[in-house]
Amino acid sequence: MSALVAEEMKIRDAVEADLSAIIDIYNVAIATRMSTAQLEPVTVESRRRWLSEHSPDRRPFWVTEIDGQIAGWLTIKSFLPRCAYSGTVELSVYVSEKFRRRGVGRALLEETIARATQLEIIAMVGLIFAHNEPSLKLFKRLGFERWGLLPRVAQLDGIERDLTIVGRHV
C-alpha cells in the first residue's frame, strides 16, 4: 500500500449517516455470493438497529473513509452468548468494489488486531466461505490460521458451499 493511500484512509466509528453506504456495500456482496449467506438485498430501515447493537468501546462497528467516501466496514460481534466466550469475537469485513485492492480490508483488520487488548478480545474468528480465496488470503497474511471447516453448510443458488473458520489469538 502506498503512503499516499495510507494518508487518505481514515478508520472511525460508523454513524447512522453512514448506513446507506454500508448497506450499498453489503448488497453488492450479497449479489456476488462470495462473502455472506444473506441471499436477498437488505434495506437501510431493516438494518438501522444493527448499527445501534454495536458498542464503540467493546464491540465496535468501524468504517474506512477515503476521500470522504465509505470504502469499507468491519464489525466486531460476540462469538457466542455463553460467558466463557466473552473474550472471543467474530469479525466481518466488507470492502466497496470501487476501493478493493487498496488495503482497506487489511487496514480494518490491522486496527482490530492493534486494539484487541483494549477491547478485551482474546481470540478473533472469521467465518469465510471456502471459495472466497481473497478473504482467506487476507486473513492468513495477518496471522489467522484455519481452525475448522464446516462442509456444505450453505446453499447459495443451489450450490453447496463450505464454511472455513479462521482464527487468531491475541
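Thresholds, definitions, all that
Residues numbered from 1 in each chain as written. Predicted model: local features only at pLDDT ≥ 70, side-chain atom pairs only at ≥ 80, totals over all residues. Heavy atoms only, no water. Buried < 20%, exposed > 50% of the residue type's maximum accessible area, 1.4 Å probe, protein only. Helix = DSSP H or I, 4+ residues; strand = E, 2+ residues; numbered from the N terminus. Arc of directions from axis to C-beta. Contact = heavy atoms within 4.5 Å. Axes fitted to C-alpha atoms, helices over the stretch in contact; angles between N-to-C directions. Parallel < 35°, antiparallel > 145°, perpendicular 65-115°, else oblique. Left-handed = near helix turned anticlockwise from the far one by under 90°. Nonpolar A, V, L, I, M, F, W, Y, C, P; charged D, E, K, R; others polar. Core = buried A, V, L, I, M, F, W, Y, C linked by side-chain atoms within 4.5 Å. Phe/Tyr/Trp six-rings, centres within 6.5 Å; stacked < 30°, edge-to-face > 60°. Lys NZ or Arg CZ within 6 Å of the ring centre and 35° of its normal.

Trainee: A description of helix H3 (residues 44–52) should follow, citing residues and the corresponding values.
Mentor: Along an α-helix, residues three or four apart share an orientation, since each turn contains 3.6 residues. Taken residue by residue, H3 has Arg47, Trp50 and Leu51 as its buried positions. Buried residues of H3, viewed axially, fall in a sector of 95°; they line one side. Facing away from the buried side of H3, by more than 90 degrees, are the exposed residues Glu45, Arg49 and Ser52. In the core, the buried residues of H3 are packed alongside helix H2 (19–32), strand S2 (61–66) and strand S3 (69–78).

Trainee: For the packing of helix H4 (residues 104–115) against helix H5 (residues 133–141), give the residues involved together with the corresponding values.
Mentor: Direction vectors running N to C along H4 and H5 enclose 40°, while the axes themselves pass 10 Å from each other. Comparing their axes, H5 and H4 come out oblique. The hand of the H4/H5 crossing is right-handed. Contacts between H4 and H5 involve Gly105, Arg106 and Leu109 from the former and Leu138, Phe139 and Arg141 from the latter. Its residues assigned to classes, the contact of H4 with H5 comprises 3 nonpolar, 1 polar and 2 charged.

Trainee: Explain the nonpolar core residue by residue, including any values.
Mentor: Judged by nonpolar contacts, the single largest core of 25 residues is most densely connected at Ile76, Leu91, Val104, Leu109 and Phe139. Elements supplying a minimum of two residues to this core: S2, S3, strand S4 (88–95), H4, strand S5 (123–129) and H5. Every residue in contact with leucine 91, bar those within four places of it in the chain, is listed here: Thr75, Ile76, Leu109, Thr112, Met124, Val125, Gly126, Phe139 and Phe144. Residues Ile30, Trp50, Leu51 and Ile70 belong to the second largest nonpolar core, which totals 16 residues.

Trainee: How would you summarise the packing of aromatic side chains if you had to cite specific residues and measurements?
Mentor: The full count for this structure, using the stated rule, is 9 aromatic pairs. When the ring of tyrosine 26 is compared with that of tryptophan 50, the centres are 6.1 Å apart and the planes differ by 40°; the resulting orientation is tilted. Of this pair, tyrosine 26 sits in helix H2 while tryptophan 50 sits in helix H3; the two residues are 24 residues apart in sequence, bridging distant segments of the chain. Taking 4.6 Å as the distance between ring centres and 25° as the angle between the ring planes, the aromatic pair formed by tryptophan 73 and tyrosine 94 counts as stacked. With tryptophan 73 in strand S3 and tyrosine 94 in strand S4, the pair connects residues that are 21 residues apart, well separated along the chain. On the basis of relative accessible area, tryptophan 73 is assigned to the buried category, the value being 1%. Owing to a relative accessible area of 9%, tyrosine 94 belongs among the buried residues under this scheme. Members of the aromatic cluster, joined through ring pairs, are Tyr26, Trp50, Phe61, Trp73 and Tyr94. Cation over ring: arginine 47 sits above tryptophan 50, and NZ or CZ is 4.8 Å from the ring centre.

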